[in-house]
Amino acid sequence: MQSLAAQITFVLLVLLALCFIYVLTRTSIPAPLEKLTTGAYQLRNRLFVLALVIGALITGFTLLPWPHDAQAAQVTRRIDVKARQWMWELSDQTVRVGEVIEFRVTSEDVNHGFALYDERQQMLAQIQAMPGFTNKVRYHFTTPGVYKVLCLEYCGVAHHGMVADIQVLPKL
Ligand code: CUA
């Protein structure tokens, strides 16, 4: 996933650089301002409408499934999560498929980021771990396996070592 993101970023940067080079090569050609602005304003209006449509589509698509529906399910298990430099302390690390788990996440020192990952390194849920607060995030596992909790907030030299496992067993 990260390498794909890097490749997309690289391609976009090259396109952007080509745009700059194109503009640079055209700066010496004189053109009347009125002629330029009409075309430019038209293009700007069209781009604005396009951005609105794309934004609406992305918003709609990413809100499916509707997050409030996911939160409405009855919690069947609570797990307390304490973050500290540089480890996770979970009140339970074994759960079952189908349980609706509420992770109650806090920190004992600095801000950390609680992030749940599956075996393919896909992030499933995340929430901030903050000293003095208990933040809740719900998740229900649909596949057995070993899941990882990683820290998503840079919290010091051993930030990368903040890893814990959650064992998900098949449904009873
Ligand atoms: Cu804890 Cu980064």
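Below you will find a few notes about this structure. (Residues numbered from 1 in each chain as written. Predicted model: local features only at pLDDT ≥ 70, side-chain atom pairs only at ≥ 80, totals over all residues. Heavy atoms only, no water.)

### What to know about the nonpolar core
Short version of the rule: As used here, the term nonpolar core means buried Ala, Val, Leu, Ile, Met, Phe, Trp, Tyr and Cys residues forming a set that is joined through side-chain atoms within 4.5 Å. Relative accessibility under 20% of the residue-type maximum defines a buried residue, over 50% an exposed one, and the middle range a partly exposed one, all with a 1.4 Å probe and only protein chains included. Each helix corresponds to a stretch of at least 4 residues labelled H or I by DSSP, and each strand to a stretch of at least 2 residues labelled E; elements are numbered beginning at the N terminus. Note on definitions: a residue-residue contact is assigned when non-hydrogen atoms from the two residues lie within 4.5 Å.
Counting residues in each nonpolar core, the largest one holds 25 residues, and the members touching the most others are V81, W88, F103, F114, L116, F141 and I166. Elements with a minimum of two residues in this core: β1 (77-84), β2 (87-90), β4 (101-107), β5 (112-117), β6 (123-129), β8 (145-151) and β9 (163-169). In this structure F141 touches V95, V97, G98, E99, I101, F103, L116, L124, Y147, I166 and V168, once residues within four positions along its chain are discounted.

### What to know about unusual backbone geometry
A negative phi angle characterises most non-glycine residues, just as the trans form characterises most peptide bonds. Residue Q85 is joined to W86 through a cis peptide bond whose omega torsion reads -5°. With respect to the helices, strands and loops of the structure, W86 is situated in the loop between β1 and β2. Unusually for a residue other than glycine, Q121 sits at a positive phi of about 65°. By the element assignment, Q121 lies in the loop between β5 and β6.

### Looking at the environment of F10
Structurally, F10 is set in helix α1 (residues 2-26). Linking F10 and A164, residues 154 residues apart in sequence, is a C-alpha distance of 33 Å.

### Quick notes on the pattern of salt bridges
Heads up, the rule is: Should a side-chain nitrogen of Lys or Arg be within 4 Å of a carboxyl oxygen of Asp or Glu, the pair is scored as a salt bridge.
Counted by the stated rule, this structure contains ten salt bridges. The partner of K82 in a salt bridge is E108, and the shortest N-O contact between them spans 4.0 Å. Taken together, the residues span a long stretch of sequence, with K82 in strand β1 and E108 in the loop between β4 and β5 at a distance of 26 residues. The exposure class assigned to E108 is partly exposed, which follows from its relative accessible area of 45%. For E102, the salt bridge is made with R104, and the minimal N-O distance between the two is 3.1 Å. According to the relative accessible area criterion, E102 is buried, its value standing at 4%. Look at R104 and you get partly exposed, because its relative accessible area is 27%. One connected set of salt bridges, linked through shared partners, spans R78, E102, R104 and R138.

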